[in-house]
Amino acid sequence: MTIARKSRVVDETPSRPAPALARAGVRPAKSRGQNFLTSAGVADRIVAAAGLRDSDSVIEIGPGLGILTEKIAAHPLRSLTLVELDARLAARLQERFAGVRVMNADFLTIDFAALAAGSPVRVIGNLPFNVAAAILRTLCDNSRMISRMVLMFQREVAARIRATPGDDAYGALSVFTALYWKIDIHFTVAAGSFHPRPKVDAEVLAFAPLPTPSFADDDERHVLETVRASFSAPRKTIRNALGHALGIDSVQTGRALERAAIDPGTRAQKLGVPDFLRLARALRIEMAAGVVARDA
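A quick note: this is a predicted structure, and the numbers were derived from the prediction, not measured.

Participant: Looking at this model, I keep getting lost on the sheet that holds strand 4 (residues 79-84). Mind explaining?
Facilitator: Strands in a sheet are paired, the pairing made by backbone hydrogen bonds, and the direction either parallel or antiparallel. The strand order 6-4-3-7-8-11-9 describes an open sheet built from seven strands, whose pairing is mixed. The open sheet has two free edges, formed respectively by strand 6 (101-104) and strand 9 (181-189), since each of these has just one partner strand. Taken over all neighbouring pairs, the strand axes of this sheet differ in orientation by 15° on average, direction set aside. In this structure, strand 4 lies alongside strand 6, joined through four bridges in parallel fashion. The partner of Val-83 across the bridge, within strand 6, is Met-103. Where helix 4 (residues 87-96) meets the sheet, its contacts fall on strand 4 and strand 6, and the angle it forms with strand 6 comes to roughly 170°. Set on the sheet, helix 6 (residues 132-141) makes contact with strand 3 (57-61), strand 7 (121-126), strand 8 (146-154), strand 9 and strand 11 (202-209); between it and strand 8 the angle comes to about 170°.

Participant: Would you explain the nonpolar core in this entry?
Facilitator: One recurring pattern in soluble globular proteins is that nonpolar side chains are buried together. Residues Leu-139, Phe-153 and Leu-179 are the most contacted members of the largest nonpolar core, which totals 58 residues. A per-element tally of this core places helix 12 (residues 273-295) first, with seven residues. What Leu-139 contacts, discounting residues up to four positions off in sequence, is Ile-61, Phe-107, Phe-112, Val-123, Ile-146, Met-149, Leu-151 and Trp-181.

Participant: What is the right way to look at the packing of helix 8 (residues 172-180) against helix 9 (residues 220-230) in this model?
Facilitator: Packed helices, taken two at a time, are described by their axes: the angle between them and the distance between them. Where helix 8 contacts helix 9, the axes come no closer than 9 Å and their chain directions differ by 155°. Between helix 8 and helix 9, the interaxial angle falls into the category roughly antiparallel. For the crossing formed where helix 8 meets helix 9, the hand is right-handed. The segment helix 8 lies against helix 9, with Ala-172, Val-175, Phe-176, Leu-179 and Tyr-180 engaging Glu-220, Val-223, Leu-224, Val-227 and Arg-228. Residues belonging to the contact of helix 8 with helix 9 are distributed by class as follows: eight nonpolar, no polar and two charged.

How each quantity is defined
- Residues numbered from 1 in each chain as written.
- Predicted model: local features only at pLDDT ≥ 70, side-chain atom pairs only at ≥ 80, totals over all residues.
- Heavy atoms only, no water.
- Pairing = 2+ DSSP bridges.
- Helix = DSSP H or I, 4+ residues; strand = E, 2+ residues; numbered from the N terminus.
- Axes fitted to C-alpha atoms, helices over the stretch in contact; angles between N-to-C directions.
- Contact = heavy atoms within 4.5 Å.
- Core = buried A, V, L, I, M, F, W, Y, C linked by side-chain atoms within 4.5 Å.
- Buried < 20%, exposed > 50% of the residue type's maximum accessible area, 1.4 Å probe, protein only.
- Parallel < 35°, antiparallel > 145°, perpendicular 65-115°, else oblique.
- Left-handed = near helix turned anticlockwise from the far one by under 90°.
- Nonpolar A, V, L, I, M, F, W, Y, C, P; charged D, E, K, R; others polar.

Printed below as a string of structure tokens:
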């Protein structure tokens, strides 16, 4: 696939965003988390981290003025789809890049399976800071249809995503990510690389899907519920957090923790993915036993 750029708009370079935004009639909106990347060097690093091949289908989330799109489109690809929320920017992108599918839509509302069209895709994006974590959760839900992701986040959110047990930033988002992905590249992007300039730096993370899923399909819901419940009250012990969030009695909780070989006095921040997998299985057994006992 060869992607052409229409010459009459080539001069609207994304590295000088203010004039380009003015021509498009767009004023960056804080409510939409719009911070436009202006550094071509950073764009090169992001696209290089994606490891694009000519057989790849690529989805770019939040292309904005197209600084990443330019770099992606320089590669021969099977297909390229852009998902842009702002209608004026989407129209500008469609005019600028011939041969590219542009969807004017909220990524959080689209049917990802239909978008991927049955084949593993690579996902690239400078994510809107205000919904980046929600977008990541959606991508985790569709991880089996993704071969690689390279995404930019506010640095504080990125720290939470790649945190490990015991880190101050470690939480439910860290575990959700580690259930599906290995982060093999990360680098900081200075706040001065954006327009308008945000108050904090950003960070790029590259995600490779785990070669073996952490759990069977029918276990996924229970694992995610267990993680959410465990972090529902971070200052409480794991026993108290689970009892409160799941509505089960202390005896059942204690038995599940014993079965999973987890100290009931520890906190969720100290537990790794294998602990949560064991705990989810143990809770499922105990809760099923409780239902049987009530029905007997």
